[in-house]
Amino acid sequence: THFTSAKMAASMASLNSAFVGKAVVSRKVTATKRALKGVTRTRAVVTAPPAEVSVDTIKDCVNTVRFLAIDSINKSNSGHPGLPMGAAPMGYVLYREAMQFNPKNHTWFNRDRFVLSAGHGCMLQYSLMHLTGYPSVSIDDMKNFRQWNSMTPGHPENFITNGIEVTTGPLGMGFCNAVGMALAEKHLAARFNKPDCEIVDHYTYTIMGDGCHMEGMSGEGASLAAHWGLGKLVAFYDDNHISIDGHTDISFTEDVCARYEAYGWHVQIVPDGNTDLDAIRKAIDAAKADPRPSLIKVTTLIGYGSPNKSNSHDVHGAPLGADETVATRENLGWKYEPFEVPEAVSTYMDCTEKGAAAEAAWNAKYATYKEKYAEDYAELDSIITGTLPTGWDAALPSFTPEDKGVATRIHSQTMLNALGSAVPGFLGGSADLAPSNMTLMKQFGDFQKDTPAERNLRFGVREHAMGAAANGIALHSPGFKVYCATFFIFSDYMRAAMRIAALSGAPTLFVMTHDSIGVGEDGPTHQPIEHLASYRAMPGMLMMRPADGNETAGAYKIAIEQTFRPTTLALSRQVVPNLPNTSREGVALGAYVVGGPAAGEDVDCIFIGTGTELELAVKAAAEMGAKARAVSMPCWELFEEQSDEYKASILPKSCKAVVSIEAASTFGWAKYAHKSIGRDDFGASAPAPILYREFGITVEAAVAAAKSLM
């Protein structure tokens, strides 16, 4: 419905009068009715305010959230006030009444997780964090919203603000992160909880908007959440009917609740999210009582309280401005100055004491768990702290040239199975390509609704949600070492999630097989060309292309050791030999000598190869004679981290005949090579050997290039 300003003002006055100074009135919450099987809950806490707290104080808490958002956005002259103003009631109920956390220890393991999928509304979360006692968001930080070196950036950033679980902004991404976090909780609870000691027991909450539902990845994630039975995932849908273009009915008219019911979610509707806090409380309690993931559709007025801008796109992504802020203060009866927090609100909203008590009770339980279940404790503590077991990397095998050559995807399978037994937090899966990606851990079964302790994840054909959910798992606890896999070409479907992993420091392992034109007969739709270059260009990503068994082992060792950056592995479909002189130690250096003059010795020419083309580089160097060097360069990023002296010893500036050879785009190789052998156009459908010959990716071409430079 479109309102005139006069009608809007009247509507706002009516809504406000229903809230100011009156008791919260329960409203009907509609819900789907289905038979509930296997209801399991370990923490059944009724969502409610303390009995001694007045309705007026609660009203002031909600309005404080609104005005901290309004004032911060006005001061920065940038931001999105509409969502914080409309979603303040549900935010209040979540942070002050429903959620369990310790604001003074944002890393406490058994805290409830909260993800603001609608990340543009981050002033909602910052306001709530400030009020509940997080040291990371002071009033000065609020005043510095969206400024240089601010602790309150324009979207939630987990690497900037302590207490933010994941980086959100691209709509739908945070929701899928939350799916991964809920999976992590369910998995750990199934593995480690005991009948007399339930040590893993927390919920994952998320707030999403219309845009999150429009993005296709949320559908992928919602489908997975229902399939996996992630009953401790509670998603609030801020149903405010506004997007950047205007009212959502110009492009979005589907029945979101019916869609989620079809997925298999528990669905509830709170018709009045502006004033009916009791309905929000009851919806949370009902969600906790249901074994399915829960969607709570909360209908709100975007920009609630603003007489002239609420229920419009004007309040979505721009400051209210001075005049409208004055009008909003008058409309909501707010007598306080900008950034002023009423004393009663400050006292009541602070969750420090409550959170410390919850953590202390859990710590006592964890100490008992350690005494009773020492072996399980050691595994769980590894996942909680990120401390890897001593000697874990000894599980990775070594290879000699006498060992039979196989595709590096086969070597990858060997490493995955070795690590599954050596690293307690190692788990993962594929986007319906496990038999091709070779990503099944044979010692484990499948994580499913009824077998959540298992460690093979079946994502189905859902690359985008897979990548984001894997990031959520990685960021749930530092000891999770999670991998997800698909064909390298289909990383296009999940690139946004991979970029967020790099930005937010999620140490996810992206296992990408079928890495070049070596895919062969499947043709150009399945043959990566520009992908290596594009991920090398991505800040914060380790892009690794191992050549054989030893290098694959080295790549996995590096990936598991990462704590704040993701790794992408490009692995071959075609068979490669185990080459002399390759080593996992060399992989750690990014580039190293595998043939010809040793590092630091004089050379006439250098051939650099990666992956399946390292064999060609070695052969080309051998053909050019004793003064020709072969260099393996599995990871540019690691090479760039070495000293200038080391880099000069491998690729001396005095050598004017450096040739790279890689079955991919040559883009970027000019940094290291004078000539590059590769493919700067799409591939074709034919057997791989023919493609290599026709595209000139051969020993002969490399030798000719070197000779032309000498």
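Worth saying up front: this structure is predicted, and the values here are computed from it rather than measured.

I keep staring at the sheet that holds strand β14 (residues 542-544) and nothing clicks. Help me out?
Adjacent strands of a sheet form backbone hydrogen bonds with each other and so pair up, either parallel or antiparallel. Strand order across the open sheet formed by six strands is β11-β10-β12-β13-β15-β14, with parallel pairing between neighbours. Looking at the sheet topology across the chains shown, the edges are occupied by β11 (456-458) and β14. Shown here is a sheet whose adjacent strand axes are inclined to one another by a mean of 20°, direction ignored. When β14 meets strand β15 (residues 567-570), the two strands line up parallel, connected through three bridges. When the sheet's bridge partners are listed, L542 is paired in β15 with T567. On top of the sheet, helix α15 (residues 408-422) reaches β10 (426-430), β12 (481-487) and β13 (509-513); it is set at about 145° to β10, its chief contact.

Got a minute to help me understand the packing of aromatic side chains in this structure?
The description of an aromatic ring pair rests on the distance of the ring centres and on the angle between the ring planes. Counting across every chain of the model gives 28 aromatic pairs. Look at F487 and F490: their rings are 5.9 Å apart centre to centre, the planes differ by 15°, and that puts the pair in the stacked class. Taken together through their ring pairs, the aromatic side chains of W108, F109, W362, Y366, Y369, Y373 and Y377 make up a single cluster. Sitting over the ring of Y535, R495 keeps its end group 4.9 Å from the ring centre. Seen from the ring of F695, R679 lies directly overhead, with NZ or CZ sitting 3.7 Å from the centre.

Just to check I follow, could you spell out unusual backbone geometry for this structure?
With the exception of glycine, most residues fall at negative phi, and the peptide bonds are largely trans. Positive phi outside glycine occurs at N149, with the angle close to 60°. Inspection of the secondary structure assignment puts N149 in the loop between α5 (139-143) and α6 (173-192). Given the relative accessible area of 64%, N149 is considered exposed. Positive phi values are uncommon outside glycine, yet H241 reaches one of about 65°. Judged by its relative accessible area of 37%, H241 falls in the partly exposed class.

Is there a simple way to explain the pairing of strand β18 (residues 605-609) in this structure?
Regular strands have side chains that alternate between both faces of the sheet. Taken across its five residues, β18 has five buried, putting it largely inside the fold. With burial as the criterion, each face of β18 is covered, one bearing C605, F607 and G609 and the other bearing I606 and I608. Remark: the β18/helix α22 (residues 614-624)/strand β19 (residues 628-632) crossover connection has right-handed handedness. Sheet analysis places β18 next to strand β20 (residues 658-661), joined by four bridges and oriented parallel. Each residue of the ladder has a partner; that of G609, found in β20, is I661.

Teacher, can you tell me more about the side chain of T161 here?
Locating T161 in the fold gives a position in the loop between α5 and α6. On the basis of relative accessible area, T161 is assigned to the buried category, the value being 0%. Polar contacts involving the side chain of T161 include one to the main-chain carbonyl oxygen of M151, which spans 2.5 Å.

Each value, and the rule that gives it
- Residues numbered from 1 in each chain as written.
- Predicted model: local features only at pLDDT ≥ 70, side-chain atom pairs only at ≥ 80, totals over all residues.
- Heavy atoms only, no water.
- Pairing = 2+ DSSP bridges.
- Helix = DSSP H or I, 4+ residues; strand = E, 2+ residues; numbered from the N terminus.
- Axes fitted to C-alpha atoms, helices over the stretch in contact; angles between N-to-C directions.
- Contact = heavy atoms within 4.5 Å.
- Phe/Tyr/Trp six-rings, centres within 6.5 Å; stacked < 30°, edge-to-face > 60°.
- Lys NZ or Arg CZ within 6 Å of the ring centre and 35° of its normal.
- Buried < 20%, exposed > 50% of the residue type's maximum accessible area, 1.4 Å probe, protein only.
- Right-handed = clockwise from strand over helix to strand, strands pointing away.
- Polar contact = N/O pair within 3.5 Å; in protein donor to acceptor, adjacent residues only side chain to side chain.

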